[in-house]
Amino acid sequence: MSQEALIFDLGRTGRYARAQAPAERADLADIPAQFRRRQRAVMPEVSELQVVRHYTRLSQKNFSIDTNFYPLGSCTMKYNPRACNSLAMLPGLLDRHPHAPDSTGQGFMACMWELQEMLAEVTGMESVSLAPMAGAQGEFAGVAMIRAYHDARGDDARTEIIVPDAAHGTNPATAVMCGYQVREIPTDAEGDVDMQALREAVGPQTAGIMLTNPSTIGVFERRIQEIATVVHEAGGLLYYDGANLNAILGKARPGDMGFDVIHINLHKTFSTPHGGGGPGAGALGVGERLLAYMPIPQVGKTGERFHWRTDKEIPETIGRLSAFGGNAGVLLRAYVYARMLGRDGMIRVAEFATLNANYLMSRLRDEGFQVWLPQRRASHEFIVSLKPEAKELGVTAGDFAKRLLDYGYHAPTAYFPLLVPECLLIEPTETETRDDLDGFVQAMVAIRDEARQDRDFVKGAPYNMPVRRLDEVKAAKELDLKWQGEAD
Amino acid sequence: MSQEALIFDLGRTGRYARAQAPAERADLADIPAQFRRRQRAVMPEVSELQVVRHYTRLSQKNFSIDTNFYPLGSCTMKYNPRACNSLAMLPGLLDRHPHAPDSTGQGFMACMWELQEMLAEVTGMESVSLAPMAGAQGEFAGVAMIRAYHDARGDDARTEIIVPDAAHGTNPATAVMCGYQVREIPTDAEGDVDMQALREAVGPQTAGIMLTNPSTIGVFERRIQEIATVVHEAGGLLYYDGANLNAILGKARPGDMGFDVIHINLHKTFSTPHGGGGPGAGALGVGERLLAYMPIPQVGKTGERFHWRTDKEIPETIGRLSAFGGNAGVLLRAYVYARMLGRDGMIRVAEFATLNANYLMSRLRDEGFQVWLPQRRASHEFIVSLKPEAKELGVTAGDFAKRLLDYGYHAPTAYFPLLVPECLLIEPTETETRDDLDGFVQAMVAIRDEARQDRDFVKGAPYNMPVRRLDEVKAAKELDLKWQGEAD
Amino acid sequence: MPFIPHTDEDIRQMLAGIGVDSINALFDEIPADLRDPGLPGIPAGVTEMEISRVMNARATGDILGPCFLGAGAYRHHVPAAVWEIATRGEYYSAYTPYQAEASQGTLQLIYEYQSMMAGLMSMDVSNASLYDGASALAESVLMAVRANRKSKSGRILVPDTVNPLYRDVTRTIVGNQGIELETVTSNASTGALDVATLKQWDGEDVAALVIQQPNWFGRLEEAQALTDWAQRNGALVIAVVNPTAMAVLTPPGEWGANGADIACGEGQPLGIPLSSGGPYFGFMCCRRAFVRQMPGRIVGRTVDLEGRTGYTLTLQAREQHIRRSKATSNICTNQGLMVTAATMYLALLGAEGLERVAGHCHANTRQLTERLTDLKGVSLRFEGPYFHERVLELDRPTEPLCQQLASQGVLAGYPLGRHDKRLSNALLVCATETVTEADMDRFEEALGHALARAA
Amino acid sequence: MPFIPHTDEDIRQMLAGIGVDSINALFDEIPADLRDPGLPGIPAGVTEMEISRVMNARATGDILGPCFLGAGAYRHHVPAAVWEIATRGEYYSAYTPYQAEASQGTLQLIYEYQSMMAGLMSMDVSNASLYDGASALAESVLMAVRANRKSKSGRILVPDTVNPLYRDVTRTIVGNQGIELETVTSNASTGALDVATLKQWDGEDVAALVIQQPNWFGRLEEAQALTDWAQRNGALVIAVVNPTAMAVLTPPGEWGANGADIACGEGQPLGIPLSSGGPYFGFMCCRRAFVRQMPGRIVGRTVDLEGRTGYTLTLQAREQHIRRSKATSNICTNQGLMVTAATMYLALLGAEGLERVAGHCHANTRQLTERLTDLKGVSLRFEGPYFHERVLELDRPTEPLCQQLASQGVLAGYPLGRHDKRLSNALLVCATETVTEADMDRFEEALGHALARAA
Ligand SMILES: Cc1ncc(COP(=O)(O)O)c(C=O)c1O
Ligand SMILES: Cc1ncc(COP(=O)(O)O)c(C=O)c1O
């Protein structure tokens, strides 16, 4: 595949897509000169066809669910139904101004309200807020509510959030943003939270704990009820990081496990697209203890009418997380998806995500790969450690990852969680066929064979991508973050 | 790029996209068994993700305007504005049943009526019909009208249609479908119709002549008025094949030249997409003499209301060309395009299509390629003959064509028109930048250099496509026209 | 010049390269009296924003309620994936796949389409599409005359149960080639053909018999017996079928002892929006022995220089760009993008999904007609097996009634009197899988009200 | 199980491979009392056809007439090409570009986006987006506190001319880290800041001053003087700007002698549909010296093994997945697809196009407010330079008036009384390039009628 010039390098002075702007320039003379821009902004100068062609060609340089198996652990890269997109983009929905009166948006708000209800049911929580714009913002809101709870009780000794060592980076980062210190606790040999360490960690300084269940190690935390008791008895609250909810959707509910607040990555479990980095939506589920602190706004229902609940109805709210009501378009996609799945569909999501993960795990184990925690059930994902291959053959998890790209498979998550050496976190999701899983196993086996034959060949991968392996050190050292006018 | 299995080979018995069909099977027992299908149809059995992935991946194996410069002569591969697509696919337009009463479709019909009016103006014809579904069907309708005209006058001696040797294959094929014999006349050394031959050809047996102007040799027929006189005086009528209208849009009008009936390939000049083979639309422009024979239906206007004109209003019509009113969705795209262009835009289309063609022709000539008819202006397209290269280097026009693909350029039309040896018919269109034309020249020069160095290398092209050169003889001899159940 | 990328600098340099002073000079071969007409009648150009406003307003005027209209075009659910992918630039903006190596996407897709279509029709081979169902019938008639070497008559039997619009189009297209279309009259009380009626042509030279299944009145024809009669008499059989129906009805390839010779029809039900009548696509399948008589493009599987599988247009010697006046048809541009969509539609639905769609169409039509015939003034015009359309007989002319119901947002059906005065009180109704109980309620109520008034 | 491809045979074989009898057995590590809640409250699943019907009905209820509402979200023309291409599966369904070699499309696009955004803002560097404009301001405040090494106070001056919703969000997000947001009061008669007001903080430890341009009331702030004051006092300047306006107004990088330190804002005007408030995207640019303090993803240009240009995420050591509790922010998923769209929007418009759009917004707003202030009972609340929003003072409370006009299909503007009782009669109006004369007629007429009635 040929290299694609930068859009700037395709330009010629004075060119632009003429159909897209008013036919004439307007008079701005009434704006005093001191406020006016003196020099024209550096911007591409290209035609409409050039834009279409450039970005169409660039798109072809991406792996995506729509083109490749994408078993990126913890990311739930499953099929994003196309109807979710087209129905969320109906003109009547796209064109609605966020400040338009509720009376004009009852159809939209009905969707939001029903989505809140469905999410509350499937998570076992009391109430749901759709305000957070991603998982991390859901975490922020949840921990901020925990803080508001302790503050309201005048309990200002609680300065710590407990986080297992397997946790995603957003968990400790969030705790800090909420003004807490982070206390890390280890995972035991079976993959569960080390109960001894937990008991030692809790105390009057404990504001709460953040847990992912199933954990990022790909197993279900079996003593979750005990954990809840320990933390609650110490006066702390429990935050559930719902990034892995796909594994237990309809099979078990965080609310029943004793969590006080949770977020759901709708862009994972409810299959809204990742869009090359976002947008997502991190709906919050809230238990009894924290209801008073819900972020605003939230959709409420009175009789058959829907309205936005604000601080008038939730006076102790932690406040607002975005200028408007969250990522509405993402939420509409999640709503359409949830309705198409329905009750049985939701349960089956967890069942088949789990079936695929356990099948793939057993196949890889049978082929001689070192599965982490082989004695455990995989949840919707599992870990292979390539430590033996790294030691014996000198090829790392990173090398396998790059070489998998050549085989047409997106790499699993590599080197996360941090506690497993040379790990690949593999999440096939429920929407992939058995044949695709088998193909992935074949590729893993083939790469190992290649490594046995020619280590350096594998270490030189990828070969079939638009570029070979990139120099990341140079990227970070000789920062080149924008086009500076030179030809490429 | 890896090979893509057939959709059938991806299937497993019992699989289908469940969201797309009713959740339950319905009872058909009241249809007697003798009418019912016994064996299930051979059909893919795949999931929705498999379909999306398969056809997304397949799409990446195509060249297209949106991804490549596509100077396919006679085909006018210019930018298809995306707004034409999205506006023609507004739900209210998409969902309209063709038999719905006119009263419910005034918005749609207003577009059709205005399109008729604009096309009549820009071609100089009296009236326009949007019924034909492609250029060839426009030709059919036009020649059928010529026949109806002679028939109506009882002039049944007219059995011949005159066609220049440079004509597109649809012209003679059409004449035959209308029950005529074809009489071919030669092109003179200057690229114009051989007037002597024409004078000899016409007579009481002449029903008419079919002409493309500018011709498929890429030059304007300078004696067109004389030709019209000769044919008309012999009692014949003139058909204008509008495939090359892009060259003279707004600069000259077939109606003014003396043509009695014309078609316009809206999928060329009016930039509706080619869709990998269609659909198109071959709008008919009709002069005074043939008005009585217009195909049905046509949109009429009474006061502010629009209605369909049928044989009640056009009793001598040649009849109906399709079950409904033609390729409405294509016509809507053409309408949007025409409105965006407007008067000045239409004129500029011809100007810049011609500028690009003449520039590219002069650049290639300067690089030493043999331009056919170098003494003439190019219209919107021109011919390069690679006869010298074929003779001296042993590489043919076909070899150049294949190797151009490797350079990321779609090949020009090769070996048409038939009268020029080793020809490439090159049509850059107005929407391409000068830089892209220069790039094409560079590629042509580079290929010639390659041929000088290593003839066989060029003859082995392409190398960078999803497949190497294909065995067409095998394809035609060992016919394999459908999947037969074996694995691929 | 909305889509022209040239800057003033480009123009200057390009003109200099060519060696002329102005763009106008490039048109100097056009006789002066023909040049620069000016186009006063064309309005000034508008921006995309402005035309969007116009189109949005016009589209809204067209929005419609429940639809019980069929008569050759059917409102089906179209999966969102179909058009989101079919309109990808690589499909949307490509030409006919003449350069096979740079068009493997479209070519493999067409090969898959041909396989699906042949599968659905139970026929040997399929082409890559014709314009629409009506013109596909016309092409089938021309093809049958070519293919039936034994027949010299050019005589085609066309029952009056074939869509009258298809008969019109066929007449337009084959009329100038001395082909004779002879009408076969159906049984006025069943709305279908009696095999016995054909006896009058026993032993005569007939090139082909056309059989539409389900027929224009929604009724199922005795395709088995009709086919056997025709082939016994040396006539080919041209099947005109609804592709959705073929998921559950006997497909042409299995009609009679030997199957139909040519199968054609309208592809619109397979994922193509109604869109005021087009673009749709005509499909055509035939016996393998006749493939060289088939019009339109055909894709074949082959191998490349390295032995890898690839796809290419084949049998091009049938086509106008090679064979010119001896071609099987003048067709060039076909309905490629529609076939692209239909291929995805069929792949999504599969046999199981299509059977379910077909089943619900039938069941809904049954329910609808049972409900409506309970109304006073409504009865069934034709008894007997049907698929998803039926003819109702009302107590008054249906043309004005349909206008009236349309103004209340209900597309009530097709007034058959348009083609046959004797059917002025007849209404052809259809209920696809998209029709809900609420839609039927609305129809029943509106019709009930209308009929309650004096005729 | 609409999107699950498994056949019964697949399931059997896979269970056998794993060595269990049933799928349920795979959940045996979940304590029995937690297992299988049953979900009675979730409705049964529906097909795509059924949910399409629901959504179409709901979307229609939301269709609206002319829009004079701005207040942080603006109705602009969005070129069709933008979303037709942004929703291509390769952009739509890809993850964050962690595997650079398999994500060059997204990565190059983000690099181009960063270049355009830096160009528009006249700033050194841009990140790859934050959630929205409001949260971008909150992150800017956090960043300023980190970046301003000289300041120990964590004290941020926030004028009351900053969007009150942005102030709310900032309070929510920075509130738990001991950061103090101090309000600067604007001139009540001009609706803008007086530089003199800032004198009270002369010599005090202030980490940063926030300046919104155009401000919440649509007025232009004296950004030059305000910036100079702040930087003289050791405070950083955080610019919150409307990106469309920056095509014609002095961009943050050129404010005062040294330019703003951080520029952020709402990206929605750049090709993102209104969509009830999201998804939009927050943009953020800064001085090169501060790039290691910036939150969010950043893409850099580099080379591959063979020396070819390529793009990759860089400076990841700022981010949570590497730095965990020491990260610059907890942000992970951002608003990638919105940036994809905005990049295409900016590429289509270019500087020239964006200037035209901005110019028409201004001219339309001028025309609108001139017309409306001719009505009895309407005057201008704040005089002085503005971009595309202005505050009108009516003779009665605007909140009920807006409800009333909405019921007539006119979105009249934003009632400022929601945030400040003293502005109960004030209405913030906006007219973008999408507003036509006819829209203005309709607004004028509706408002005139409403005001003609007794208050
Ligand atoms: C376990 C876990 N927690 C939290 C997050 C953060 O969610 P988001 O990216 O939506 O902010 C992720 C996302 O990758 C995750 O995998
Ligand atoms: C010169 C000429 N005439 C006629 C046609 C036939 O038009 P269509 O393909 O639309 O049937 C073409 C199309 O390629 C052409 O180039």
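Residues numbered from 1 in each chain as written. Chains lettered and ligands numbered in written order. Predicted model: local features only at pLDDT ≥ 70, side-chain atom pairs only at ≥ 80, totals over all residues. Heavy atoms only, no water.

**As for the interface of chain C and chain B**
In this assembly, 189 residues from chain C lie in contact with 196 residues from chain B. Buried surface at the junction of chain C and chain B, summed over both partners, amounts to about 17000 Å²; 61% is from carbon and sulfur atoms. Together, Tyr92(C), Glu101(C) and Arg324(C) form the three largest contributors to the area buried by chain C at its contact with chain B, with a combined 5%. Counting across the chain C and chain B interface gives 13 salt bridges. The salt bridge involving Asp480(B) is made with Arg301(C); its shortest N-O contact spans 2.8 Å. For the pair chain C and chain B, the number of links is 102 residue pairs in polar contact (both at pLDDT 80 or more). For the side of chain C that touches chain B, the leading source of residues is helix α10 (residues 336–372) of chain C, giving 21 residues. (Contact = heavy atoms within 4.5 Å. Buried area = accessible area lost by both parts, 1.4 Å probe. Salt bridge = Lys/Arg side-chain N within 4 Å of Asp/Glu carboxyl O. Polar contact = N/O pair within 3.5 Å; in protein donor to acceptor, adjacent residues only side chain to side chain. Helix = DSSP H or I, 4+ residues; strand = E, 2+ residues; numbered from the N terminus.)

**Looking at the relation of the copies chain D and chain C**
When chain D is brought onto chain C, the operation consists of a screw motion whose angular component is 180° and whose axial shift is 0.0 Å, with 0.0 Å RMSD remaining. Seen this way, the second copy is the image of the first under a two-fold rotation axis. Among all residues of chain D, the one whose C-alpha sits closest to the rotation axis is Arg88(D), at a distance of 3.7 Å. Both copies contact each other with a shared surface, as 100% of the interface residues of chain D are interface residues in chain C too. (Least-squares fit on C-alpha atoms with pLDDT ≥ 70 in both.)

**Brief notes about the side chain of Thr369(D)**
Residues and elements named next belong to chain D. Locating Thr369 in the fold gives a position in helix α10 (residues 336–372). By relative accessible area, Thr369 is classed as buried at 1%. Within the structure, the side chain of Thr369 is placed 2.9 Å from the side chain of Arg390, a separation counted as a polar contact. Once residues within four sequence positions are removed from consideration, Thr369 is found in contact with Arg390, Leu392 and Val429. (Buried < 20%, exposed > 50% of the residue type's maximum accessible area, 1.4 Å probe, protein only.)

**Section: the packing of helix α1 (residues 48–59) of chain A against helix α5 (residues 104–121) of chain D**
Pairs of packed helices are described in terms of their axes, by the angle between the two and the distance that separates them. At their nearest, the axes of α1(A) and α5(D) sit 7 Å apart, and the two run at 135° to each other. As summarised for this structure, α1(A) and α5(D) are arranged oblique, according to the angle between their axes. The residues of α5(D) that touch α1(A), namely those facing His54(A), Tyr55(A) and Leu58(A), are Gly105(D), Gln108(D), Leu109(D), Glu112(D) and Met116(D). Within the contact of α1(A) with α5(D), the residues separate by chemical class into four nonpolar, three polar and one charged. (Axes fitted to C-alpha atoms, helices over the stretch in contact; angles between N-to-C directions. Parallel < 35°, antiparallel > 145°, perpendicular 65-115°, else oblique. Nonpolar A, V, L, I, M, F, W, Y, C, P; charged D, E, K, R; others polar.)

**Describing the pattern of salt bridges**
Overall, the coordinates contain 126 salt bridges over all chains when judged by the stated rule. Close ionic contact of Asp66(A) with Arg82(A) constitutes a salt bridge, the shortest N to O distance being 3.2 Å. In this pair, Asp66(A) sits in the loop between α1 and α2 (82–88) while Arg82(A) sits in helix α2, placing the two residues 16 residues apart along the sequence. There is no split in this pair, since Asp66(A) and Arg82(A) are both buried. One salt bridge in this structure joins Arg403(A) and Glu450(A), with 2.8 Å as the shortest N-O distance. Taken together, the residues span a long stretch of sequence, with Arg403(A) in helix α12 (residues 397–406) and Glu450(A) in helix α13 (residues 434–453) at a distance of 47 residues. The pair formed by Arg403(A) and Glu450(A) is uniform in burial state, with each residue classed as buried. By sharing partners, the salt bridges in this structure join Arg25(A), Arg40(A), Glu352(D), Glu355(D) and Arg356(D) into a single network.

**What to know about the nonpolar core**
Counting residues in each nonpolar core, the largest one holds 301 residues, and the members touching the most others are Leu198(A), Leu266(A), Phe270(A), Leu364(A), Tyr55(B), Met121(C) and Met55(D). At 22 residues, the largest contribution of residues to this core is made by helix α10 (residues 328–366) of chain A. Beyond its immediate chain neighbours, meaning those up to four positions away, Phe270(A) contacts Leu119(A), Val122(A), Leu249(A), Ile264(A), Asn265(A), Ala334(A), Tyr337(A), Ala338(A) and Met346(A). If you look at the next biggest cluster of nonpolar residues, it comprises 300 residues, including Val467(A), Leu470(A), Met112(B) and Ala230(D). (Core = buried A, V, L, I, M, F, W, Y, C linked by side-chain atoms within 4.5 Å.)

**With respect to the sheet that holds strand β11 (residues 382–385) of chain B**
Residues and elements named next belong to chain B. One open sheet accounts for four strands, arranged β10-β11-β13-β12; its pairing is antiparallel. Looking at the sheet topology across the chains shown, the edges are occupied by β10 (370–371) and β12 (413–414). Alignment of β12 against strand β13 (residues 423–426), held across two bridges, turns out to be antiparallel. Following the sheet pairing, Ala414 is matched in β13 by Leu424. (Pairing = 2+ DSSP bridges.)

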